[in-house]
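Results of the structural survey
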Amino acid sequence: MSVELDSLCKISSSRTMRYSGNLRLNLLNWWAPPSRFILRHKHVTSANELPLRALNGVNPVPFLVDDDDPNPNSINLLKETNFKLKCDKFPCIKIGDSPLIKLYGEGDTIPYLDSELKQLEEFEKVDKKFPEPWHAIGSTLVKPEPPSFKEENLEEKFVEEPLPNNIAHWESILDRSLKFLPDTTSRQANLLEKSGFPTIRKLLNHFPRTYADLQNAQGAIEDGHYFMFVGKVISSKGTRGGAQFGILQVLVGCEIQNVDSNENKTVYLHLKRFYRGRRFTYKSFLDMIASKYKEGDHVYVSGKVKKMTTENHYEIAQFNIDMLEKEEEKYAHLERKPCPVYPSKNGLKPNTIGDVISRALKALNNEIDPVPSEVLSEFNLLNLFDAYLGIHRPKTLIDADLARRRLIFDEFFYLQLGRLFQMLEALGTNLEREELLARYRNDNISEVCISEWDPLTRNLLKSLPYSLTTSQLTALSEIILDLKRPIPMNRLLQGDVGCGKTVVAFLSCMEVVGSGFQAALMVPTELLAIQHYQELNSLFEQLDSGNEGFKPKIALLTGSTSTRERRLILKGLQSGDISMVIGTHSLISEKIEFRSLKIAVIDEQHRFGVVQRGRFNSKLFSRLRDDSMNHDLNDDENKAFMAPHILAISATPIPRTLALALYGDMSITQITDLPPGRQPIETLALEGNEAGFEKVYKMMKDELAADGKIYLVYPIIEESEQLPELHAAVTDYESISGKFEGYNCSLLHGRMKAEEKEEALRKFRDGQTRILLATQVIEIGVDVPDASMMVVMNAERFGMAQLHQLRGRVGRGNKKSRCVFLSSTSGSLKRLKVLESSSDGFYLAQADLLLRGPGDLLGKKQSGHLPEFPVARLEIDGDVIQKAHLAALKVLSMSNNLEKYPGLKAELSMRQPLCILGD
Ligand SMILES: Nc1ncnc2c1ncn2[C@@H]1O[C@H](COP(=O)(O)OP(=O)(O)OP(=O)(O)O)[C@@H](O)[C@H]1O
């Protein structure tokens, strides 16, 4: 449809108004009739702000011009709602120094605009049917209230905003701009947007910092406390406080009971609000704000009171005031309740924020929740609307906590839903999707069917000098089950230090190697890579030669591997000659190509970044398709490419809930028991003073005399002038050697070369040295089963999880072991004492989580919340996370592609990049 405006200007069906060839006004976003357009123009500072853009780099400010008065300065704001009248009155537009452009043809209104006008007239009729000042925007069209002068900084004369045609969908509400809130002007909305509240959701997610106890004033009124009152307006006046601000002063009288005399008394509340800005000094404005509260009106007032010098007079600077229809309503208001205290944001005062939040809450209804009602009832959750009400306007603290839990649920639910949805999207067939969901549902189900394992796996299992524990077997069977599936595994193997994760990883690798594929094991340190390499090789020596003589070829690839050797390894991996490679970061280098990498094991996975871990995904291998029974296809056509299975290992025991939250997209396997025969490590926390050291030296002598081996762990390598209180490994070497004459000592620290480190560790393992002075390089993975004592210097310098890891270097065999933590001061002993009472990593992790939040546990310095989860406290909200996981699975099993729940899909796309959802 093309509409003649005048001889120069047209509006096309795409709402683009063309003007004389070189000027084009894009009205794409502009749907409202010209009256609304006219009303906005006053605030236009750039062409973008008005959905009106001009080409040629010109940003003309359009002036709407009265036909009879072509002076662009004579702009009138229209108050009428008769749009035809407005169109008649303002028929022209002038852009920059263009000639006048007529908006309408002779005598007729543009047909396109005509339909819009009709719509608006309809809307006005509907609107008039509602008696309430505002309505839920969840389901109905609403028109904002006329001028409101609420906040000093948010004050502006009311400007009508275009309301969208259809805002019945929930997704269009929470993510709408605040200007769609009733009683909110564009200026207010802009100010809020600039302060960090671009949408209603952002605003509602600004949660109270705390709740003050809002007390009923029918008792003693204590200065500085939060009280609520019901009373009558005595006077209300608006005054000019100078050239730049206006003041609203309301005096309210409240009858309250005197607790001492049991008699009634009247207290007077002085409510003051300041409006900064010249325009708030105008009489019309001051009269208008004062007239809101009329003498004799019943009102409900709450806020923090300040005693005035005159008896029974109180000032409330930051107050809330609500009109009561009838005096009887007061009883409903005077129940003691928590009063939300908001943090301020970018200069916005808490009260201002609270006020806008109230408006937003009044404007919503319970249709905003995209989570299906069956999920809410199954998991016993509040509706989202009730949750917002509960967190912002709780009647009790229990309400607030229930609300908080629903909001926490959302944080995790969408995370889990998004990740699972993304994985499902990537799968081709429904069968594969069902498989994936079944796998996550049956996360804990184990099936030990050793007979179905590859002969190589069984052979290695048989040749181990011990039997696997139940947990190890269960873990291994879960992994092997995954390896047989046509979907890449993404599994986290967790277990306490020394529980035997490595052997499970080795056996998992054998399962793929045995069937002709390749395996890679990536570890964070060279020392560990060498140790694993040697251990696996020695296990291979025990392999039953009956296994068709097959001994897989394994390679070690680290930063110290010589160029020549490296070249050979790369070649072997590419040709498939090498079945397994163990190494450090170098394994994910782009230069390394595998012939058919089927499993990548990442040890101490949290030490590698997400991106590093993800690099393995690009090393695809080919497998036969599920439908390879299709005999019409040749072998090549029957092949499909697949990313390798990923097995991540973590020796940092973290509670399952935390693991779920952090690794929502991973299946989790936990090894919960220790190999038999392990004896608890006797742990002692001592102050590192003279007496403390004497005691330790005595213990060390006894240990050495009993054939033990001792680790001495230091926080630093060499003495530092800045930190004189710290013991250093190199510095102590001589004095320790002197003190324990007859027993060889060696050093192990990060500044040594790889071969020197290996040599030091080998000598210690072989018993050539009996004391190893080391830094925290030994923290992960070092396995010397007969090491029987550890002393950690300046132990408070290490995190709790780190100390637990360090302690795990002893007690790995059947020998009774001891560990001593020496603290620098008596004050730091308390934390170390926790380690005395428990050697269960999961328990300690939970204790640490409760003490300091997840940040510390994960090695990050912050405590409290995880940054991604603003409301959740992982230490106390574990059950909610579990619920969220199950709920996400439920939703996806009901609708794999979320077609059944468009609301959820839209919500996900709001929270995640659209590409994830394939939109
Ligand atoms: N089922 C078992 N029975 C007896 N000993 C075992 C068993 N499983 C593993 N071990 C031994 O226990 C020691 C620790 O095992 P492993 O190194 O696999 O533990 P880990 O969980 O990887 O330890 P870390 O967390 O320190 O890396 C090793 O010496 C290993 O040989």
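Labelled according to an unreviewed UniProt entry, the chain appears under the name DNA 3'-5' helicase, originating from Rhynchospora tenuis.

So, the overall build of the chain
In terms of regular secondary structure, the chain is built from 30 helices and 29 strands. Looking at the chain as a whole, 53% of its 919 residues are labelled buried. Taking the contacts inside the chain whose residues are at least 6 apart along the sequence as the reference set, 70% of them involve residues at least 24 apart. Of the roughly 41,400 Å² of accessible surface on the chain, a fraction of 50% belongs to carbon and sulfur atoms.

Thoughts on the sheet that holds strand S18 (residues 580-583)
Here seven strands make up an open sheet; going across it, the order is S17-S18-S16-S19-S22-S15-S23 and the pairing parallel. Only two strands of the sheet have a single neighbouring strand rather than two, namely strand S17 (554-557) and strand S23 (667-671). Averaged over all pairs of adjacent strands, the angle between their axes in this sheet comes to 20°, without regard to strand direction. Relative to S18, strand S16 (residues 518-522) runs parallel, the two sharing four bridges.

Quick word on the environment of Gln534
Tracing the sequence through the fold places Gln534 in helix H17 (residues 526-541). For Gln534 and Leu556, which are 22 residues apart along the polypeptide, the C-alpha to C-alpha distance reads 9.4 Å. Beyond its immediate stretch of four places on either side in the chain, Gln534 contacts Glu758 and Arg765.

Describing the packing of helix H24 (residues 800-807) against helix H25 (residues 829-837)
Here H24 crosses H25 at 45°, and the two axes come no closer than 11 Å. In terms of their interaxial angle, H24 and H25 are classed as oblique. Like other packed secondary-structure pairs, H24 and H25 cross with a definite hand, here right-handed. Within the contact between the two elements, H24 uses Met800, Leu803 and Arg807 and H25 uses Arg831, Leu832, Val834 and Leu835. Classifying every residue of the contact of H24 with H25 gives five nonpolar, no polar and two charged.

Details of the nonpolar core
Core analysis: the biggest nonpolar cluster contains 43 residues, and Met580 and Ile599 have the highest contact counts within it. Per-element tally for this core: the top contributor is helix H16 (residues 501-514), with nine residues. Sequence-distant contacts of Met580, defined by excluding residues within four places in its chain, comprise Cys509, Met510, Val513, Ala519, Leu521, Leu536, Lys553, Ile554 and Ala555. Grouped together as the second largest cluster of nonpolar side chains are 30 residues, Ala685, Val782, Val810 and Leu832 included.

Comments concerning helix H11 (residues 384-392)
Since the α-helix packs 3.6 residues into each turn, any two residues three or four apart lie on the same face. Burial analysis of H11 places seven of its nine residues in the buried class, which makes it a mostly covered element. Along H11, the residues classified as buried are Leu384, Phe385, Ala387, Tyr388, Gly390, Ile391 and His392. Where H11 begins, one side-chain oxygen reaches toward the backbone nitrogen of Phe385, 2.7 Å away; that side chain belongs to Asn383.

What about the sheet that holds strand S29 (residues 818-823)?
Strand pairing in a sheet relies on backbone hydrogen bonds. The paired strands run either parallel or antiparallel. Overall, parallel pairing links the six strands, which are arranged S24-S29-S28-S25-S27-S26 in an open sheet. Of all strands in the sheet, those with a lone pairing partner are strand S24 (682-687) and strand S26 (745-748), marking the two edges. Going from strand to strand, the sheet's axes swing by 15° on average, the running direction of each strand aside. In this structure, strand S25 (residues 710-713) lies alongside strand S28 (residues 789-792), joined through four bridges in parallel fashion. Paired with Ile710 across the strands is Met789, a residue of S28. Each of S25, S26 and strand S27 (771-774) is contacted by helix H22 (residues 729-739), which is oriented at about 175° to S26, the strand it contacts most. Along the sheet, H24 makes contact with S24, S25, S28 and S29, crossing S28 at roughly 150°.

Some thoughts on the pattern of salt bridges
A full pass over the atoms with the stated rule returns 21 salt bridges. Of the charged contacts in the structure, one is a salt bridge between Glu378 and Lys890, with a shortest N-O distance of 2.6 Å. Here Glu378 is found in helix H10 (residues 373-378), whereas its partner Lys890 is found in helix H28 (residues 878-894), with 512 residues between them in sequence. Salt-bridge contacts for Glu759 lead to Arg762; the nearest nitrogen and oxygen are separated by 3.2 Å. Taken together, the positions of Glu759 and Arg762, both in helix H23 (residues 754-766) and three residues apart, correspond to about one turn of that helix. Arg762 sits in the partly exposed class, given a relative accessible area of 34%.

Brief notes about the site of the ligand
In the vicinity of the ligand lie 21 residues, with Gln472, Lys501, Thr502, Arg678 and Arg812 positioned nearest. Ser467 places a main-chain nitrogen or oxygen 2.9 Å from a nitrogen atom of the ligand. Measuring from an oxygen atom of the ligand, one finds a side-chain N or O atom of Lys501 at 2.7 Å. Residue contributions to the shell around the ligand peak at three residues, all from H16. Here the residues of the shell around the ligand are counted per class, giving eight nonpolar, seven polar and six charged.

Focus on the confidence of the model for the chain
In this model, the chain carries an average pLDDT of 72, and 66% of its residues clear a pLDDT of 70 or more. The spread of mean pLDDT over the elements of the chain runs between helix H1 (residues 34-40), the lowest at 29, and S28, the highest at 95. Throughout residues 625-630 the model reports pLDDT below 50, and contacts reaching past four residues in sequence, or to other chains, amount to nine contacts. With pTM at 0.53, the complex prediction returns an ipTM value of 0.98.

Considering the packing of H11 against helix H12 (residues 397-425)
Direction vectors running N to C along H11 and H12 enclose 130°, while the axes themselves pass 8 Å from each other. One finds that H11 runs oblique with respect to H12. Crossing handedness for the pair H11 and H12: left-handed. Between H11, through Leu384, Ala387, Tyr388, Gly390 and Ile391, and H12, the contact on the second element is made entirely by Asp399, Ala400, Ala403, Arg404, Arg406, Leu407 and Asp410. Class assignment for the residues of the contact of H11 with H12 results in seven nonpolar, one polar and four charged.

Side note on the environment of Ser344
If you trace the backbone, Ser344 turns up in the loop between strand S14 (337-341) and helix H9 (350-363). Sequence separation between Ser344 and Gly354 is 10 residues; the distance between their C-alpha atoms is 9.8 Å.

Brief notes about the side chain of Gln188
By the element assignment, Gln188 lies in helix H5 (residues 186-194). Of note is the side chain of Gln188, whose polar atom sits 3.5 Å from the side chain of Arg359.

Side note on the packing of aromatic side chains
Applying the stated criterion across every chain yields a total of 10 aromatic pairs. Residues Tyr275 and Phe280 carry aromatic rings whose centres are separated by 6.1 Å and whose planes lie at 55° to one another, so their mutual orientation is tilted. Phe280 matches Tyr275 in its accessibility class, with the two residues each being buried. Between Tyr711 and Phe764, the aromatic rings sit 5.0 Å apart at their centres with planes inclined by 55°, giving tilted as the arrangement. Here Tyr711, found in strand S25, pairs with Phe764, found in helix H23; they are 53 residues apart in sequence, far enough to count as distant. For Tyr711, a relative accessible area of 0% translates into the label buried. An aromatic cluster is built from Tyr275, Phe280 and Phe285, whose rings are joined through pairwise contacts.

What about unusual backbone geometry?
If you check the backbone angles, Asn380 has positive phi at about 55° while not being a glycine. Relative to the helices and strands, Asn380 resides in the loop between H10 and H11. Even without a glycine there, the phi angle at Leu898 is positive, about 65°. When you line up the elements, Leu898 lands in the loop between H28 and helix H29 (902-911). Owing to a relative accessible area of 0%, Leu898 belongs among the buried residues under this scheme.

The rules behind the values
Residue numbering note: each chain is counted from 1, following its sequence as written. The predicted nature of this model means local features are confined to residues of pLDDT at least 70 and side-chain atom pairs, given and counted, to a pLDDT of 80 or more, with totals for whole chains, interfaces and linings taken over all residues. Side-chain figures throughout are based on the complete set of non-hydrogen atoms in the structure, without hydrogens or water. Helix numbers and strand numbers start at the N terminus; a helix is a DSSP run of H or I with at least 4 residues, a strand a run of E with at least 2. To sort residues, take the accessible area from a 1.4 Å probe on protein chains only and compare it with the maximum for the residue type: under 20% means buried, over 50% means exposed, and anything in between is partly exposed. Throughout, a contact is declared for two residues whenever any of their heavy atoms are within 4.5 Å. Working definition of accessibility: Shrake-Rupley area with a 1.4 Å probe, residue cover restricted to the visible protein chains. Pairing between two strands requires that DSSP report at least two bridges joining them. A fitted line through C-alpha atoms represents every axis, and for helices the fit uses only the stretch in contact; the resulting angles, taken between N-to-C directions, go from 0 to 180 degrees. With respect to orientation, any angle under 35 degrees is reported as roughly parallel, any angle over 145 as roughly antiparallel, any angle of 65 to 115 as roughly perpendicular, and every other angle as oblique. Crossing handedness is read from the near helix: turned anticlockwise from the far helix by less than a right angle, it gives a left-handed crossing, and turned clockwise, a right-handed one. Under this grouping Gly is polar, as are all residues other than the nonpolar Ala, Val, Leu, Ile, Met, Phe, Trp, Tyr, Cys and Pro and the charged Asp, Glu, Lys and Arg. In this text, buried Ala, Val, Leu, Ile, Met, Phe, Trp, Tyr and Cys residues form a nonpolar core when linked through side-chain atoms within 4.5 Å. Two N or O atoms form a polar contact when they lie within 3.5 Å of each other; inside protein one atom must be a possible hydrogen donor and the other a possible acceptor, and for residues adjacent in sequence the pair counts only when both atoms belong to side chains. Counted as salt bridges are all cases of a side-chain nitrogen of Lys or Arg within 4 Å of a carboxyl oxygen of Asp or Glu. Note on definitions. A residue lies near a molecule or strand when any single heavy atom of the residue is within 4 Å of it. The quantity known as pLDDT measures the predictor's confidence residue by residue, on a range of 0 to 100. Pairing of aromatic rings covers Phe, Tyr and Trp, the last counted by its six-membered ring, and requires centre-to-centre distances within 6.5 Å; plane angles under 30 degrees mean stacked, over 60 mean edge-to-face, and any other angle means tilted.

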